[in-house]
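Read off the chains here:
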Amino acid sequence: MNIALEARSLTKTYGRTKAVDSLDFEVSAGIVTGFLGPNGAGKTTTMRLLLGLVRPDGGEGLVFGDPYRNLDAPARRVGALIDGAGFHPDRTALNHLQSVAAAAGVGTQRVDQVLEVCDLDRAAHRKVGGFSMGMRQRLGLATALLGEPDLLVLDEPANGLDPAGIRWLRGYLRSYAETGRTVFVSSHALAEVANVADEVIVVKEGRLVVHERTSQLLGRGRAVVVRVPDIERARTVLSRHGAEVESLGDNRLRVRGMNEDEISAVTLAADLEVTEMTITEQTLEEAFLGLVDDEGGHRD
Amino acid sequence: MIELLRSESKKTLTTKGSFILVASAVGVVALVAASTVLSMPPENLDGPIHDQVAYFVGSIVVAVFALMMGVRSFTDEFRHGTIVATVLAIRSRTGLLVAKAIVSVGVVLIMSVLGLVTLVGVALSLSSVKGGELGLASSDWTAFVGFVGVMLVWTVIGIGLGAMVRNQVAGVVGALVWVLVIENFASGFVGEAARYMPGQLAHAVARVSGTTNLVAVLPAAGLFIGYAVVVCLAAGLMLDRRDVL
């Protein structure tokens, strides 16, 4: 699979703080990758490093195999929305987009298209100073989309969007990746990432915590809750077969490390009665908090 | 480069800032010219325009606005955060510096010509009303070419300063302090060397009277342009190496 983004031992220090600490990961092309971490984990700095906005103290960031600044037509390869896009408050949305489009060598027809895609066509002639945060986010996304890029790098794009906007964004990012293009998106809205991301990269204190498929990450917290009359014997039998067993009271046990078929086989062989069996999945939020707590850090 | 020029022109023409600076420059020049001419006795209103106090003060006023026009070209982008979208869309930050310089120089060309026309118009008409004998001499025309050229170079210096300083308030205040304070008191500190300072070189090129011991026009023009080149080279280097936040 082609690699769209690559962090190779990426390091950035501000004063005494290591914002990004020998970070290594690869983002595969053609999928949506979520970039998660608590506040101050180094997500925005990592994105800035990958886009050549910030010079690394060590390592390198590559976009389609090259440093960003070596890309021939950067806006056609990468569209980015970093840390809430900036706009001149006196400039209209249309003029903002036209000025960026001109710099990127993109025709004005594309400006009209992105305004429509981001539902800003009716606000095109309004000054950005009067925009709500959600409208500013949409304009930031419209700016990122101008060059019809192969890769979207979006930092907290759901910030300020209303529920309808978040749903629209989720659908848009999904359909963007379905056309073979790549989305790398950081977010605090973990449920949204769970819905849209194929893979998840979790960082904390500038270091990589985990990089795996979203389904794998969610599967880590998969458990089976069984109700058994003889709870002590059930605990012994299941533990002997390598399961992690936790008592929930009311004759219920939460079993991790064995699936429902394995539990059935073991309890049947041990002539244990099971009166109820329920499969529980953890949410991305639970998985995320579990990971960052395991690392011993704070969370917001 | 054509794409960058289109983009920078669009930015310049789609906010009020540039128009306000041009209008303000012309307004202040009119005010300065009127007040200096009206405050002088008619017998002193004699000789070519570039020998007059109004021309001296007017050249400083337009220089200040030209510097501000240059400084705000980059500092506006850093202030409002548009610099991120700009540098992500382009290949060369040096190209951006050149494009901004060309577009700002174009605006300042209009501003300085309008300022000059206003200055001369106000000075001549008020002198005539007061019974003075101010008139356009042949030496005025070469002075005027120098005047406009000087403003264009100040703009380029402002562009470089803005790219290096990035903070708009610091950039504008720094430029004002330099032109209005440091240049005027420099001779007390550096003696003869003050004639090689940018403001004094600018006076020499614009043939401003009232300042003595100026460098000859051509060497002054070369040195003044040299300052602009050095500032822009430093700015280009810093733009290329510093983080864009």
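Values in this document were obtained by computation on a predicted structure and should not be read as measured data.

Asker: I'd like a description of the overall build of chain B, backed by residues and values.
Answerer: Each helix and strand in chain B was counted, giving nine helices and two strands. Dimensions of chain B, computed from C-alpha atoms along their principal axes, come out at roughly 60 × 40 × 30 Å. Buried residues in chain B amount to 48% of all 245 residues. A separation threshold of at least 6 residues defines the contact pool for chain B, and within that pool the share at least 24 residues apart is 81%.

Asker: Can you explain unusual backbone geometry? Please cite residues and give values.
Answerer: In most cases, non-glycine residues show a negative phi, while peptide bonds are predominantly trans. Of note, the phi angle at A:Glu148 is positive, near 45°, even though the residue is not glycine. In this fold, A:Glu148 is placed in the loop between helix H5 (133–145) and strand E6 (151–155). Although it is not a glycine, B:Arg207 sits at a positive phi angle of roughly 55°.

Asker: Give me the lowdown on the nonpolar core, citing residues and values where you can.
Answerer: Nonpolar side chains tend toward joint burial in soluble globular proteins. In this structure, A:Val153, B:Ala63, B:Ala66, B:Leu67 and B:Ala123 are the most contacted members of the largest nonpolar core, which totals 149 residues. Among the nonpolar cores identified, the runner-up in size contains ten residues, and A:Val226, A:Val237, A:Ala243 and A:Val255 belong to it.

Asker: Got a sec to walk through the sheet that holds strand E4 (residues 58–63) of chain A? Specific residues and values, please.
Answerer: Residue and element names in this part refer to chain A. The strand order E2-E1-E4 describes an open sheet built from three strands, whose pairing is antiparallel. For this open sheet the edge positions go to strand E2 (17–28) and E4, each flanked by a neighbour on one side alone. This sheet shows a mean twist of 15° between the axes of neighbouring strands, independent of strand direction. As judged from the eight bridges shared by strand E1 (residues 3–14) and E2, these two strands associate in the antiparallel manner. By the bridge assignment for E2, Tyr14 is matched with Thr17.

Asker: Can you lay out the sheet that holds strand E7 (residues 182–186) of chain A for me, pointing to particular residues and giving the numbers?
Answerer: Residue and element names in this part refer to chain A. Strand order across the open sheet formed by six strands is E5-E6-E7-E3-E8-E9, with mixed pairing between neighbours. If you trace the sheet from one side to the other, it starts and ends with strand E5 (78–81) and strand E9 (207–213), each paired once. With strand direction ignored, the average angle separating the axes of adjacent strands in the sheet is 15°. Packing of helix H1 (residues 43–50) onto the sheet brings it into contact with strand E3 (32–36), E6, E7 and strand E8 (199–204), and relative to E6 it is tilted by some 150°. Strands in contact with H5 are E5 and E6; relative to E5, the strand with the most contacts, it is inclined by about 165°.

Asker: Which residues make up helix H4 (residues 108–117) of chain A, and what values go with them?
Answerer: All names here are of chain A. Along H4, the positions that sit buried rather than exposed are Val111, Val114 and Leu115. Looking straight down H4, one finds that the buried residues subtend no more than 105° of arc, so they occupy a single side. Contacts from the buried residues of H4 go to helix H3 (93–104) and H5.

Each value, and the rule that gives it
- Residues numbered from 1 in each chain as written.
- Chains lettered and ligands numbered in written order.
- Predicted model: local features only at pLDDT ≥ 70, side-chain atom pairs only at ≥ 80, totals over all residues.
- Helix = DSSP H or I, 4+ residues; strand = E, 2+ residues; numbered from the N terminus.
- Buried ≥ 20, exposed ≤ 12 C-beta atoms within 10 Å, placed from the backbone.
- Contact = placed C-beta atoms within 7 Å.
- Core = buried A, V, L, I, M, F, W, Y, C linked by C-beta atoms within 7 Å.
- Pairing = 2+ DSSP bridges.
- Axes fitted to C-alpha atoms, helices over the stretch in contact; angles between N-to-C directions.
- Arc of directions from axis to C-beta.

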